[in-house]
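# Observations on chain architecture
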Amino acid sequence: MSVSILSKIRESGILAGWATRLALLILLLIALMATFAPWLGTVDPTLLDPSIRLQGPSAEHWLGTDALGRDLYSRIVYGARVSFVVGFGVLAVTAVFGVFFGSVSGYFPAADAVIMRVMDGIMAIPGILLAIALVAVSGASLMTVLIAIAIPEIPRMTRLVRGVILSVRSEPYVEAALTLGTPTHTILIKHMFPNTFAPLIVQGTYVFASAVLLEAILSFLGAGIPPEIPSWGNIVAEGRKFFQLVPGPVLYPGLFLSITILSINLLGDALRDALDPKLAARL
Amino acid sequence: MIGMIARRLIATIPVLLVVAIVIFAVLRLTPGDPATLVAGDAATPEQIEAIRRAMGLDQPVIVQFGRWVGDMLRGDFGISLISGKPVSELIASRMGATVSLTIVTLLFTLLVSLPVGVLSAWYQGKALDRAVMAGSVVGFSVPVFIVAYLLILVFSIELRWLPVQGYKPLSAGLWEHLRHLILPAISLSTVYIALITRIVRTSVIDTLGEDYIRTARAKGVPEWSVLSRHALQNAAVPILTIIGISITMLIGGVVVTESVFNIPGLGRLVLDSVLSRDFTVIQTLIVLFSLAYILINLLIDISYTLVDPRIRS
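Residues numbered from 1 in each chain as written. Chains lettered and ligands numbered in written order. Predicted model: local features only at pLDDT ≥ 70, side-chain atom pairs only at ≥ 80, totals over all residues.

## As for the overall build of chain A
Broken down by element type, chain A carries 11 helices and zero strands. With the C-alpha coordinates aligned to their principal axes, the bounding extent of chain A is approximately 75 × 45 × 30 Å. The buried share of chain A, taken over its 283 residues, is 46%. The long-range fraction of contacts in chain A, counting pairs at least 24 apart against all pairs at least 6 apart in sequence, stands at 69%. (Helix = DSSP H or I, 4+ residues; strand = E, 2+ residues; numbered from the N terminus. Buried ≥ 20, exposed ≤ 12 C-beta atoms within 10 Å, placed from the backbone. Contact = placed C-beta atoms within 7 Å.)

## Concerning the environment of leucine 178 of chain B
Along the chain, leucine 178 of chain B turns up in helix α8 (residues 174-179). Between the alpha carbons of leucine 178 of chain B and glycine 244 of chain B there is a distance of 25 Å; along the sequence they are 66 residues apart.

## Topic: the nonpolar core
By size, the foremost hydrophobic cluster in this structure holds 144 residues, and its most contacted members are Leu129, Ala131, Ile132, Ala133 and Ile149 of chain A. Take this core: its biggest share by element is 16 residues, from helix α8 (residues 184-221) of chain A. Other than its neighbours up to four places away in sequence, leucine 129 of chain A contacts Ile251, Val270, Ile286 and Phe289 of chain B. (Core = buried A, V, L, I, M, F, W, Y, C linked by C-beta atoms within 7 Å.)

## A few points about the interface of chain A and chain B
On the chain B side, the residues contacting the 41 residues of chain A number 42 residues. Elements with a minimum of two residues in the side of chain A that touches chain B: α4 (109-124), α5 (127-138), α8 and α10 (248-275) of chain A. Broken down by element, the residue count for the side of chain A that touches chain B peaks at 10 residues, all from α5 of chain A.

## A short note on α4 of chain A
The first and last C-alpha atoms of α4 of chain A sit 23 Å apart over 16 residues, in line with the 22 Å expected at 1.5 Å per residue. The set of residues buried in α4 of chain A consists of Val118, Met119, Gly121, Ile122, Met123 and Ala124 of chain A. (Expected span 1.5 Å × (residues − 1).)

## Let's talk about the packing of helix α9 (residues 182-208) of chain B against helix α11 (residues 223-234) of chain B
Residue and element names in this part refer to chain B. Relative orientation of the contacting elements α9 and α11 amounts to 110°, with a least axis distance of 8 Å. Judged by the inter-axis angle, α9 sits roughly perpendicular to α11. Between α9 and α11, the residues in contact are Val204, Thr207 and Leu208 and Ala231, Leu232 and Asn234, respectively. Here the residues of the contact of α9 with α11 are counted per class, giving four nonpolar, two polar and no charged. (Axes fitted to C-alpha atoms, helices over the stretch in contact; angles between N-to-C directions. Parallel < 35°, antiparallel > 145°, perpendicular 65-115°, else oblique. Nonpolar A, V, L, I, M, F, W, Y, C, P; charged D, E, K, R; others polar.)

## Details of the confidence of the model for chain B
All names here are of chain B. Across chain B, the average pLDDT comes to 85, with 96% of residues at 70 or higher. Looking across chain B, the model is least confident in helix α2 (residues 34-39), with a mean pLDDT of 68, and most confident in helix α5 (residues 87-122), with 92. Here the prediction assigns the complex a pTM of 0.88, and the interface score ipTM is 0.85. (pLDDT = per-residue confidence, 0-100.)

## Looking at unusual backbone geometry
Residue and element names in this part refer to chain B. Backbone geometry places arginine 160, a non-glycine residue, at a positive phi of 60°. Tracing the backbone shows arginine 160 in the loop between α7 (144-158) and α8. Although it is not a glycine, asparagine 262 sits at a positive phi angle of roughly 55°. Within the secondary structure layout, asparagine 262 lies in the loop between α13 (247-260) and α14 (266-275).

## Some thoughts on the confidence of the model for chain A
Per-residue confidence for chain A averages 85 on the pLDDT scale, and 94% of its residues sit at or above 70. Within chain A, the element-level pLDDT minimum falls on helix α11 (residues 277-282) of chain A, averaging 57, and the maximum on helix α3 (residues 72-107) of chain A, averaging 92.

## Side note on the packing of helix α2 (residues 18-35) of chain A against α10 of chain A
Residue and element names in this part refer to chain A. At their nearest, the axes of α2 and α10 sit 9 Å apart, and the two run at 135° to each other. By the criterion of interaxial angle, the relationship of α2 to α10 is oblique. Read as a crossing pair, α2 and α10 show a hand that is left-handed. Mapping the contact onto sequence places Ala19, Thr20, Ala23, Leu24, Ile26, Leu27 and Ile30 in α2 and Ile259, Thr260, Ser263, Ile264, Leu266, Leu267 and Ala270 in α10. (Left-handed = near helix turned anticlockwise from the far one by under 90°.)

## Details of the environment of isoleucine 193 of chain B
Residues and elements named next belong to chain B. Secondary-structure assignment places isoleucine 193 in helix α9. Residues isoleucine 193 and glutamate 258, 65 residues apart in the sequence, show an inter-C-alpha distance of 19 Å. Dropping the residues within four chain positions of it, isoleucine 193 is found in contact with Thr109, Val112, Ser113 and Gly139.

Here's what the structure looks like:
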């Protein structure tokens, strides 16, 4: 199945578009930056030096320093780590729960009504509010932020998987498998899940983008990653007090954040066009 | 029609119940004792115990939940743990700023995205359309607080046209009021303009292929009239749907925007009460925002029948 997804992507020619290529290149560079942060000319991102507070860019501090005299470039490079960990973490949690609830809901009509009502309820709660409330009660940590961002995303993933399962349920090959007495888990895993891969990949890129964005928003609001860990949202949050004096600590991480999210969204649009022609036509 | 509304209203009850359960569970069952958090680090065990009793936390969970829901149904949202004022009073005092900000944002969003979306559909595949589509991806990707600080940098710090932050109520004069809302509303609307322009474009492109459009053109109806009256009107349902769905995003955006521009609205109240762990205020606000989302979407569902007579049957 993954082979056919790869070949679909290749056939569609989306990788030939310059925008998609640029987006992929940027994401690759930022991922490399996050991975090799200690070897990229950075210093300890938490190292304080009050004698060099709020300086502009210089040979020693490429992007200047923040209000506590920490090197802004190093903080931004290390901050990429948080974004990627949160992005992949939320994606994994959302996919696991979405596939589980979605397939139970789609396959067992008895459970469907209950699961979908619960999902409707969660969807009605504004995601950011639920997330900041969760972080506030459980204390700021990377894990809490990750779970707080994932919970509001689960209903959409569940609906997506449920929709796919429902639509293939009446396909002749599934009916045939049922008639042959194939066990339920075999039908689900062998005949149904492969159909969810393409829409999951498309939806997954959007979940990734929105997780990176939401982490930055939560950290910006002071209800996210604890301040001792540099994350792009934290850097902006600390920089905002002195924005009128020195805009760098707000604008530089903001630029990285925007370019990262833009690249993921461009990639998502390209994947959607390649893998999900029906959805692509509607948007 | 009335039967449909009644059915839809009844269908919101289980959703609201789930909302209440989720919020209650999040605030009560997560690790971290609200009473300890409220009491602070210096509190003695006796003080914590007293707070726990005052908050009703010594009762069984089911009793706590039932009491909370019952109080809310009677319109009693409790007392703020921090300021000691009734929650309903706090919310009423913050409502005005948020309502103003939301109205200005929605008006600005529609004012930009309807014409731009229609033009983009009309020039489908041409340079203008491609620029609009590219702009919409960018608008969708730049976080609202970054847009806000860029606007502040240009219009408040460099050009000095508009205030950096703050809020003036309507009683201070209409212009004073609006002047303080311009930058917040533009920041907040960026995402919606991106989203709604896209939907307007797609919906109009869809309807432009319909027979009645060809008939209208053949009759000699002027092109602007074909676009605005025939195409756009028939594209109303998907546009309304996306406005309804994006209300939750709008609420999240309000929290961020009010924080950046220091506007004393409900979004600020959410953040302040979360940071000070004022649980009675947080739970009420989340319930009210979810209720607003559900009711707005219900209204939109009902309005479908007004804009599109085909749905009425």
